[in-house]
Amino acid sequence: AQRVTQPEKLLSVFKGAPVELKCNYSYSGSPELFWYVQYSRQRLQLLLRHISRESIKGFTADLNKGETSFHLKKPFAQEEDSAMYYCAPRTQGGSEKLVFGKGTKLTVNP
Amino acid sequence: DAMVIQNPRYQVTQFGKPVTLSCSQTLNHNVMYWYQQKSSQAPKLLFHYYDKDFNNEADTPDNFQSRRPNTSFCFLDIRSPGLGDAAMYLCATSRVTGSPVGDNEQFFGPGTRLTVL
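Enquirer: Hey, could you run me through the interface of chain A and chain B in this one?
Expert: Interface size is often expressed as the accessible area that is lost when the parts come together. If you look at the interface, chain A gives 20 residues, while chain B gives 25 residues. Surface buried jointly by chain A and chain B totals about 1800 Å² across both partners, of which 51% is contributed by carbon and sulfur atoms. Counting across the interface, chain A meets chain B through two salt bridges. Notably, a salt bridge pairs A:Arg49 with B:Glu105, separated by 3.4 Å at the nearest N-O pair. One can count eight residue pairs in polar contact (both at pLDDT 80 or more) joining chain A with chain B. Contributing elements (two or more residues each) for the side of chain A that touches chain B: β5 (33-38) and β6 (45-49) of chain A. At three residues, β5(A) tops the list of elements feeding residues into the side of chain A that touches chain B. Residue composition of the side of chain A that touches chain B, grouped by class: eight nonpolar, four polar and eight charged.

What follows is the structure, encoded as structure tokens:
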């Protein structure tokens, strides 16, 4: 079964500092991974997906198959980045389901 | 322009009293999901409908049921809520095309917070 690990429950950085939210997964075959974000008092929403290789709100995430990681990075954190972040691989076999990690709460201090 | 709507936002029920949570969508998506999220935990998938096909997760208690009368609406029924069922319940939708590598973005509702007294 797929597993996803977000080792940091809480992460606190200062504004302007780089930030990296870690995600490790166990998967066989070709994984599809997503990062979802939940800002305070807002609904859970997609931040980015690995297949599109996009940068959203300054965040990027590279799939490293060798390390089975999909860490989320931003070079200069902003206060508005404070939120709960969930790494979510798609379950195998082209399934329509996702498996959510336990999440990392990011706090960006002024 | 709400896309996934959940009613009510807050629901209080008594121990053992059946309760129904509602979800509707304006996106015409073919898949609808119900998640349970307890405090400081990840959303846990309870079940989902792929079109009219119901897909239950293996560890979802029998106490939880779902109905999808049409594309737009999906209901979560808790037959006999226990104190351990108090949680945030999230509804989500996605458009799944069947392509092995597809979009699968899920759109979430705001959630219904269930309190069991």
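Enquirer: What's the story with the state of the cysteines in this structure? I'm lost.
Expert: One way to say it: the disulfide is the covalent bond shared by the sulfur atoms of two cysteines. Residue and element names in this part refer to chain A. Scanning the model with the defined rule gives two disulfides over all chains in all. At a sulfur-sulfur separation of 2.0 Å, the disulfide partner of Cys-23 is Cys-87. Judged by the sign of its S-S torsion, about -60°, the cystine formed by Cys-23 and Cys-87 is left-handed. Of the two residues, Cys-23 is situated in the loop between β3 (19-21) and β4 (24-26) and Cys-87 in strand β9 (residues 83-89); the sequence distance between them amounts to 64 residues.

Enquirer: Can you help me understand the nonpolar core in this one?
Expert: Here is a general trend for soluble globular proteins: nonpolar side chains tend to be buried in one another's company. Residues and elements named next belong to chain A. In this structure, Leu-21, Trp-35, Leu-72 and Tyr-85 are the most contacted members of the largest nonpolar core, which totals 24 residues. When contributions to this core are tallied by element, the ones reaching two or more residues are β2 (10-14), β3, β5, β6, β9 and β10 (104-109). Ignoring sequence-local partners within four residues, the contact set of Tyr-85 consists of Gln-6, Leu-21, Trp-35, Tyr-36, Val-37, Tyr-39, Leu-47, Phe-59, Leu-72, Gly-103, Thr-104 and Leu-106.

Rules used throughout
Residues numbered from 1 in each chain as written. Chains lettered and ligands numbered in written order. Predicted model: local features only at pLDDT ≥ 70, side-chain atom pairs only at ≥ 80, totals over all residues. Heavy atoms only, no water. Contact = heavy atoms within 4.5 Å. Buried area = accessible area lost by both parts, 1.4 Å probe. Salt bridge = Lys/Arg side-chain N within 4 Å of Asp/Glu carboxyl O. Polar contact = N/O pair within 3.5 Å; in protein donor to acceptor, adjacent residues only side chain to side chain. Helix = DSSP H or I, 4+ residues; strand = E, 2+ residues; numbered from the N terminus. Nonpolar A, V, L, I, M, F, W, Y, C, P; charged D, E, K, R; others polar. Disulfide = S-S within 2.5 Å. Core = buried A, V, L, I, M, F, W, Y, C linked by side-chain atoms within 4.5 Å. Buried < 20%, exposed > 50% of the residue type's maximum accessible area, 1.4 Å probe, protein only.

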